[in-house]
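Descriptive structure summary
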Amino acid sequence: TNSTESIPIRLNKELAPCRQVLDDLESHDEAWPFLLAVNTKQFPTYRKVIRNPMDLQTIGKRLSQNEYKSRDEFVSDVRLIFDNCETFNEDNSPVGKAGHTLRLFFETRWADLTSGK
Ligand SMILES: Cn1cc(C(=O)NCCN)ccc1=O
C-alpha cells in the first residue's frame, strides 16, 4: 500500500486537491447518478453509445492506486463523467440536469483549490 510518506512530496502535493475535490463531489446532493458505473442491465444501450464510461468510484480507485501521473489526467477523467452524461441524457432530464449542476460545482471548486498554484 502506498502510504503518503512513500509518495514523493511533489506527487503528494498534486494529489491533495484531487482527493479533496473528489470528496466534495461524492458528497454533493446531485452526485447520485455518478457515484457508481452506469448499470448496463438497466441501460442496455449504454456501452454501445458511451465508449469510455467513467464514474466517481472508479476515479477514487485510480487515485488510491496512484494511477494518475498528473492533475490533468485526474481532471480529464472527471470531465469524462460529465461529457458522457451530456451524450446519453437530455439536458432537461433529471440526470442531465444533475450533470450540468455537478460539472459547474466541480469547475468552481477545482479553480478554488488550484488557482493559487
Ligand atoms: C450517469 N447516468 C446515470 C443514470 C442513472 O440512472 N443512475 C442511477 C443510479 N442509481 C442514467 C444515465 C446516466 O448517464
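Please refer to the structure placed before this passage.
Residues numbered from 1 in each chain as written. Predicted model: local features only at pLDDT ≥ 70, side-chain atom pairs only at ≥ 80, totals over all residues. Heavy atoms only, no water.

This brings us to the packing of aromatic side chains. Here a ring pair, both rings aromatic, is described through the centre-centre distance and the interplanar angle of the planes. What the rule picks out here adds up to 6 aromatic pairs. Where phenylalanine 43 meets phenylalanine 88, the ring centres are 6.2 Å apart and the plane angle is 85°; that geometry is what we call edge-to-face. Taken as a pair, phenylalanine 43 in the loop between helix H1 (9–26) and helix H2 (46–49) and phenylalanine 88 in helix H4 (residues 71–88) lie far apart in primary sequence, 45 residues in all. A residue is classified by how much of its surface remains accessible, and phenylalanine 88, at 25% relative accessible area, is partly exposed. Taken together, a centroid distance of 5.8 Å and an interplanar angle of 90° make the contact between tyrosine 68 and phenylalanine 74 edge-to-face. Accessibility classification places tyrosine 68 together with phenylalanine 74 in one group, the buried group. (Phe/Tyr/Trp six-rings, centres within 6.5 Å; stacked < 30°, edge-to-face > 60°. Helix = DSSP H or I, 4+ residues; strand = E, 2+ residues; numbered from the N terminus. Buried < 20%, exposed > 50% of the residue type's maximum accessible area, 1.4 Å probe, protein only.)

Now for the pattern of salt bridges. Close approach of charged atoms allows side chains of opposite charge to pair. Applying the stated criterion to the full structure yields 5 salt bridges. Residues aspartate 77 and arginine 62 are paired through a salt bridge, measuring 2.8 Å at the closest nitrogen-oxygen approach. Of this pair, aspartate 77 sits in helix H4 while arginine 62 sits in helix H3 (residues 56–64); the two residues are 15 residues apart in sequence, bridging distant segments of the chain. Accessibility expressed as a relative area gives 29% for arginine 62, which makes it partly exposed. (Salt bridge = Lys/Arg side-chain N within 4 Å of Asp/Glu carboxyl O.)

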